[in-house]
Every structure is written in C-alpha cells, then in structure tokens.
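Examining the three-dimensional arrangement
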Amino acid sequence: MKIEIDEGSGFCFGVTTAIRKAEEELQNGCTLYCLGDIVHNGVEVDRLTEQGLVTIDHTEMAELHDAKVLLRAHGEPPQTYEMARNNNIDIIDATCPVVLALQRRIKKQFDANPDAQIVIFGKKGHAEVLGLVGQTNQKAIVIEKFEEVDKLDFSRDIYLYSQTTKSLDEFHRIIDYCHEHISPEASFKSFDTICRQVANRIGNIKAFAAQHDLILFVSGHKSSNGKVLFNQCLSVNKNSHLIESAAEIDMSWLDGVETVGICGATSTPKWLMEEVAKFITT
C-alpha cells in the first residue's frame, strides 16, 4: 500500500508564527496564557498545554492581572486590548498579518462612513469574525452563506469583506448577487480579503485527493478552514474521511485500498499527519 502525505498541507504562516511565539515564551519558563485555543486542533493544543500553555476565555482574562497573554492568529477586537491595558496585561500579539491588515481596512471604512452596511462573509461567532465585527462597534452584518445575502438592504451603501479563510467561489456568488440587486442610488464595493495561501490550497488539495483511493484528512473538528478543504476532497473523492487524530481511524477503510493520501488544514501540524501515516503502517 502506497502512502503519500500532501506537501502543501500543514500550518499556514500565521499559525506557525503564533506557535513559535508561544514556544519561545514557554522556553523562558514564564507563565503564558492564551486567549482561546491557539489553533483549532485539539491534539496540538494538548501538546502545548503539556509545555505549560494555559488556555483562557475572555471572562477569565477579565479577572487576570499583571500577567502575559498571547493573542492567537485569529485576531481580537479593540475591547480585548483595552482590557489588557486596564489589567496591566502584557500582550504577545500573534495576530496574522493578513487578518491585522483586514481589521485596519474595515475600521478605516467604518470610520469614513459609519452609516453604510459593512458586510462580512464569515462564520458567526468565529474568533476572526468577532475581531472584525469589533472594528465597527458591533454594527457589521455577518452572512455565513450565499442564501443569507437577501437580508441586506440594497437601497443603502454596502461594503463587502470576507473572513480570510472562506470559499472564494461562494464569495464571488455573493458579489454577483449584490451587483445585480444594488439600487442605482446606492453604491456597492467588494474587497477580496481571502488569504491566497489558504485559497490556493483548494485546487492543490482537490488534485491530491483525486490521485488516491482513500483520503485521510487530518483536522481539528472546530476548524473552519478544515471543513472547507475537507469538502473539496469529498467533491472529487467520496472515500475521504475527516479525522482529528490516528485514534479515529477505522482500519476497515483500508480494505482493498492501494493508495492512501494524507492531507490536512492550515491548522494541522505536519507531525500529526506523519503520526497518522505511521499508525496505518504498523
């Protein structure tokens, strides 16, 4: 049986940076808190927890004083930074540069025209989306899928942005719909803010999935990017399975299989994919 690990899978730049910063701080022997899971992969979170990383939520951060807190790649709203200042918290800011640039862009647009509809194509409640909405004093409208676009008021100006890890194809469907329905008295502008490091993986992972009898897609079950990429695998290879770790593998999947492809999300560490490969060969 031939096993291949997708070379294009694994941590994106933003996640790599966040984990490196966490490891550097932990190696210094200091107590380091992380606001939310550092990455949407339970196995990797457990690994860093064993090294001393303490994951907290916003409520717990509000009670924290004189401490060091890492902000993960997803980014945070302005209120989090204000809380840190008030509580004398030292922030280790690992916000992805792509996300940070998007936050600034949305804030600038909102400040210039606060009465317009700032629309974000993204997952409601997702950490990145909460950080983006926070740039607009919570006034931004979030739509999760194309079917929700009709709830916008097309008689008013619309500025459309996207969460960095959303589907490029669906984003363009929303753009086309807005162009067709916007009132002549209103303006519509869209800004392609999808991370190309993520978007470019779609074509590559579909090609990879089509080459194998069985696909083991390794991803945290909470990863939005993982869901997008896994569905791309499924679209070309129905014999694709999403697993968070080797423990979730059903060995009967391997019956009659000659080639296995192992791939993952931007939040999936390479070592975890290698562990899956080792598991099915021993």
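You'll find the structure just up there.
Bear in mind that the values here come from a model prediction, so they are computed numbers and not experimental data. (Residues numbered from 1 in each chain as written. Predicted model: local features only at pLDDT ≥ 70, side-chain atom pairs only at ≥ 80, totals over all residues. Heavy atoms only, no water.)

**Some details on the pattern of salt bridges**
- Under the criterion given, the structure shown has nine salt bridges.
- The shortest N-O distance in the salt bridge between Glu23 and Arg47 comes to 2.8 Å. Placement of the pair is Glu23 in helix H1 (residues 13-27) and Arg47 in helix H2 (residues 42-50), with a sequence separation of 24 residues.
- Judged by its relative accessible area of 24%, Arg47 falls in the partly exposed class.
- Between Asp111 and Lys107 there is a salt bridge, with its nearest N and O atoms 3.0 Å apart. Of this pair, Asp111 and Lys107 both sit in helix H5 (residues 97-112), separated by four residues, roughly a single helical turn.
- Among the charged side chains, a network of salt bridges with common partners joins Glu23, Glu44 and Arg47. (Salt bridge = Lys/Arg side-chain N within 4 Å of Asp/Glu carboxyl O. Helix = DSSP H or I, 4+ residues; strand = E, 2+ residues; numbered from the N terminus. Buried < 20%, exposed > 50% of the residue type's maximum accessible area, 1.4 Å probe, protein only.)

**Structural notes on the packing of helix H8 (residues 196-210) against helix H9 (residues 224-236)**
- It is the contact of H8 with H9, at a shortest axis distance of 8 Å, that shows an interaxial angle of 35 degrees. For the element pair H8 and H9, the recorded crossing hand is right-handed. Contacts from Val198, Arg201, Ile202, Ile205, Lys206, Ala209 and Ala210 in H8 reach Asn225, Val228, Leu229, Gln232, Cys233, Ser235 and Val236 in H9.
- Considering only residue class, the contact of H8 with H9 consists of nine nonpolar, three polar and two charged. (Axes fitted to C-alpha atoms, helices over the stretch in contact; angles between N-to-C directions. Left-handed = near helix turned anticlockwise from the far one by under 90°. Contact = heavy atoms within 4.5 Å. Nonpolar A, V, L, I, M, F, W, Y, C, P; charged D, E, K, R; others polar.)

**Focus: the packing of aromatic side chains**
- By the definition in use, this model includes five aromatic pairs.
- Taken together, a centroid distance of 6.1 Å and an interplanar angle of 10 degrees make the contact between Phe121 and Phe171 stacked. Highlighted residues: Phe121 in strand E6 (residues 117-121) and Phe171 in helix H7 (residues 168-181), separated in sequence by 50 residues. Both residues of the pair, Phe121 and Phe171, belong to the buried class.
- Seen in terms of ring centroids, Phe217 and Phe230 are 5.9 Å apart; in terms of plane orientation they differ by 50 degrees. Their pairing is tilted. One end of the pair, Phe217, is in strand E10 (residues 214-218); the other, Phe230, is in helix H9, and 13 residues separate them in sequence.
- For Phe230, a relative accessible area of 12% corresponds to the buried category.
- Put simply, the rings of Phe146, Phe154 and Tyr177 pair up and form one aromatic cluster.
- For Arg173, the ring lying beneath its charged end belongs to Phe146, and the centroid distance is 3.9 Å. (Phe/Tyr/Trp six-rings, centres within 6.5 Å; stacked < 30°, edge-to-face > 60°. Lys NZ or Arg CZ within 6 Å of the ring centre and 35° of its normal.)

**Some details on the side chain of Ser219**
- Within the secondary structure layout, Ser219 lies in the loop between E10 and H9.
- Owing to a relative accessible area of 0%, Ser219 belongs among the buried residues under this scheme.
- Ignoring anything within four residues of it in the chain, the contact list for Ser219 reads Asn41, Gly226, Leu242, Ile243, Glu244, Ala265 and Thr268.

**A look at H8**
- For H8, with 15 residues, the first-to-last C-alpha span of 22 Å sits near the 21 Å given by 1.5 Å per residue.
- The largest bend in H8 amounts to roughly 30 degrees and is located at Ile202.
- Against the buried residues of H8 lie strand E1 (2-5), E10, H9 and strand E12 (259-264). (Expected span 1.5 Å × (residues − 1). Bend = angle between axes of the 7 residues up to and from the residue.)

**Focus: helix H4 (residues 78-86)**
- Buried within H4 we find Thr80, Met83 and Ala84. Burial along H4 is one-sided: seen end-on, the buried residues are contained in an arc of 100 degrees. Opposite the buried face of H4, at more than 90 degrees from it, the exposed residues are Arg85 and Asn86.
- Immediately beyond the C-terminal end of H4, within one or two residues, lies Asn88, with a positive phi of roughly 55 degrees. (Arc of directions from axis to C-beta.)

**Describing the state of the cysteines**
- On inspection of all chains with the given rule, the structure shows zero disulfides.
- As a non-bridged cysteine, Cys12 has Cys96 as the owner of its nearest cysteine sulfur, 6.1 Å distant. (Disulfide = S-S within 2.5 Å.)

**Comments concerning the sheet that holds strand E5 (residues 90-93)**
- On the basis of which strands lie adjacent, the open sheet formed by four strands has the order E3-E2-E4-E5 and parallel pairing. Of all strands in the sheet, those with a lone pairing partner are strand E3 (54-56) and E5, marking the two edges. The average undirected angle you get between the axes of adjacent strands in this sheet is 30 degrees.
- Of the strand pairs in this sheet, strand E2 (residues 33-35) and E3 are connected by three bridges, and their pairing is parallel. Opposite Cys34, over in E3, you have Thr55 as the bridge partner. (Pairing = 2+ DSSP bridges.)

This is a description of form; function is not addressed.
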